[in-house]
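# Remarks on the overall topology
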Amino acid sequence: MRLALTAGVVIAAVLLLGACTWVKPTVQGEKVRVLTAEEVVKCERVGQTTVSLLARVAGIERSPRKVQEELNVLARNSAADVGGDTVVPMGPVEDGKQTFAIYRCMPR
């Protein structure tokens, strides 16, 4: 009985943690957009960034949607640090890691 209760508490905690967003945008990162390659053809590429986070918590896979959202936020924050205003994913998420191209699309 006690084991079942402990397991239930652990599962509930992991599910709640999976719903949490740990990554927050910076003030500058909030202004950076996530677009597709087709949408940035007239923009200036200013670099790239590779961002990563934990895709598993306590051995349990996190929601792919949440992982993608948080990687986007990390990329937006990184782009803002180098003067970019747009990021474009360069490939899929692999083990909680993704590379983004950084662009400047709007004039300064």
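The notes below deal with the structure included here.

Let's shift gears to the sheet that holds strand β5 (residues 86-89). The strand order across the open sheet formed by four strands is β1-β5-β6-β2, and the pairing between neighbours is mixed. Only two strands of the sheet have a single neighbouring strand rather than two, namely β1 (33-34) and β2 (44-52). Alignment of β1 against β5, held across two bridges, turns out to be parallel. Considered in β5, the bridge of Arg33 is made with Thr86.

Evaluated as defined, the whole model comprises one disulfide. At a sulfur-sulfur separation of 2.0 Å, the disulfide partner of Cys43 is Cys105. Across the S-S bond linking Cys43 and Cys105, the dihedral sits near 110 degrees, which makes this disulfide right-handed. In this pair, Cys43 sits in the loop between β1 and β2 while Cys105 sits in the segment after β6 (97-104), placing the two residues 62 residues apart along the sequence.

In this section: the pattern of salt bridges. Per the counting criterion, the structure on display carries five salt bridges. Of the charged contacts, one joins Glu61 and Arg56 as a salt bridge, the two residues approaching to 3.2 Å between their closest N and O atoms. Among the residues examined, Glu61 registers a relative accessible area of 48% and is labelled partly exposed. Between Glu70 and Arg62 there is a salt bridge, and its shortest N-O distance comes to 3.0 Å. Of the two residues, Glu70 and Arg62, neither departs from the other in class, the shared state being buried.

So, about helix α2 (residues 64-81). Helix length check: α2 (18 residues) gives 26 Å between terminal C-alpha atoms against 26 Å at 1.5 Å per residue, within 8%. Following α2 by one or two positions, Gly83 has its phi on the positive side, about 85 degrees.

Note that β5 and β6 share four bridges and pair antiparallel. Opposite Val88, over in β6, you have Ala101 as the bridge partner.

Topologically, Gln98 is positioned in strand β6. Exposure remark for Gln98: the relative accessible area of 4% places this residue in the buried category. Among the polar contacts made by the side chain of Gln98, one reaches the main-chain carbonyl oxygen of Gly91 at a distance of 2.7 Å. Apart from the residues within four sequence positions on either side, Gln98 is in contact with Thr49, Thr50, Val51, Gln68, Leu71, Pro89, Gly91, Pro92 and Val93.

Next up on the list: the environment of Asn72. Here Asn72 shows up in helix α2. The exposure class of Asn72 is buried, given its relative accessible area of 17%. Residues Asn72 and Val87, spaced 15 residues apart in sequence, show a C-alpha to C-alpha distance of 8.3 Å. Side-chain polar atoms of Asn72 contact the side chain of Gln68, separated by 2.9 Å.

What counts and what doesn't
- Residues numbered from 1 in each chain as written.
- Predicted model: local features only at pLDDT ≥ 70, side-chain atom pairs only at ≥ 80, totals over all residues.
- Heavy atoms only, no water.
- Pairing = 2+ DSSP bridges.
- Helix = DSSP H or I, 4+ residues; strand = E, 2+ residues; numbered from the N terminus.
- Disulfide = S-S within 2.5 Å.
- Salt bridge = Lys/Arg side-chain N within 4 Å of Asp/Glu carboxyl O.
- Buried < 20%, exposed > 50% of the residue type's maximum accessible area, 1.4 Å probe, protein only.
- Expected span 1.5 Å × (residues − 1).
- Polar contact = N/O pair within 3.5 Å; in protein donor to acceptor, adjacent residues only side chain to side chain.
- Contact = heavy atoms within 4.5 Å.

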